[in-house]
Structure formats: C-alpha cells, structure tokens
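Reading the structure
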Amino acid sequence: LRATCDARSHSATASVEQAKEVIVGYKDKVNELKAKESTNLSETFEETLNSLRNQLLEKENEKELLRKRLEETKETARHEQQLMVSAFYDVGLQVARSKVNRHASPGKRSWLGQMRAETLNVPSMASLSSGKRP
C-alpha cells in the first residue's frame, strides 16, 4: 500500500511539475505576445504619427502656396487699379486740352468744316475776324 501511495505521490508530483512547466511556458508565451502586441501598437502609433506629420507638412506647404497666390493677386489688382487711374487721368487731361484748344483758336475748323464752308461759300470765322469778305 505504501508503495502504491508512493507511486501515486510520485506520479502526482511529476504531474504537478509538468503542469508547472506548462504554466511557465504559457506565461512566457503570454509575455512574448504582450511584448509583440506592444511592439505592434508602438509601430502602428509611429506609422500614424508619421502619417499625420506628413499631412501637416503638406497642409503647411499648401497654405504657403495659397498665401503667395493671394499676395500675387493683390499685387495684380493694385497694378490694374494704378493703370486705370492713369488712363482716367490721361483721358481727363486730353479733354481739358481739347477744351483749351477750342477756346484758344475759335477760327480753326476741321478739314471737314473747311470743306463745308468752301462748298457753301460761308465765310470762316478767321476771315470774319480779319475783316476780309469773300
């Protein structure tokens, strides 16, 4: 009986030792999986972080490009306004000169006006002012 008990005890001890080894193996596998999972999460986090950094750089470059376009558009608009003001000034100056020229020489007529006067035998203003009559 004692031999049977010893055999069973020895068998139970061996089973316990085997169970401990299996548990230690599972524990190692769990720790290994945790480390691997942590590494995978860390790699995924790094990839996500790098992707977001790249997106941020792209957005900053796009913002800079749009800012430059805005400045160019403002400069073009300012230049066009200056050209319009200059053209308006030139037109005003021409109108003022033509009025001054008309008032300064009332006897002058255009070529067409002179032809009409000759055809109709109407004395020109210059001939009337000089005292000549046709």
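Everything that follows concerns the structure shown earlier in this document.
These notes cover the structure that comes with them. Values in this document were obtained by computation on a predicted structure and should not be read as measured data.

1. Examining the overall build of the protein chain
For the protein chain, the count of helices and strands is three helices and zero strands. Total accessible area on the protein chain stands at roughly 12,600 Å², and carbon and sulfur atoms take up 59% of it.

2. A look at a nonpolar patch on the surface
A cluster of nonpolar residues, Trp111, Leu112 and Met115, forms a patch on the protein surface that exposes about 330 Å² of accessible area. Residue position: Trp111 is located in helix H2 (residues 111-120). Taking the relative accessible area as the measure of exposure, Trp111 reaches 61% and is therefore exposed.

3. Comments concerning the pattern of salt bridges
As enumerated under the stated definition, the model contains two salt bridges in all. The salt bridge partner of Arg67 is Glu64, with a shortest N-O separation of 2.5 Å. Separated by three residues within a single helix, Arg67 and Glu64 lie in helix H1 (residues 2-104), roughly one turn from each other. Arg67 sits in the partly exposed class, given a relative accessible area of 42%. Classification of Glu64 as partly exposed rests on a relative accessible area of 31%. The shortest N-O distance in the salt bridge between Glu75 and Arg78 comes to 2.4 Å. Within this pair, Glu75 and its partner Arg78 are both found in helix H1, separated by three residues, close to a single helical turn. Taking the relative accessible area as the measure of exposure, Arg78 reaches 38% and is therefore partly exposed.

Thresholds applied
- Residues numbered from 1 in each chain as written.
- Predicted model: local features only at pLDDT ≥ 70, side-chain atom pairs only at ≥ 80, totals over all residues.
- Heavy atoms only, no water.
- Helix = DSSP H or I, 4+ residues; strand = E, 2+ residues; numbered from the N terminus.
- Areas by Shrake-Rupley, 256 points an atom, 1.4 Å probe, with all protein chains shown as cover.
- Patch = residues over 30% accessible without salt bridge, like charges linked within 9 Å, V, L, I, M, F, W, Y side chains within 5 Å.
- Salt bridge = Lys/Arg side-chain N within 4 Å of Asp/Glu carboxyl O.
- Buried < 20%, exposed > 50% of the residue type's maximum accessible area, 1.4 Å probe, protein only.

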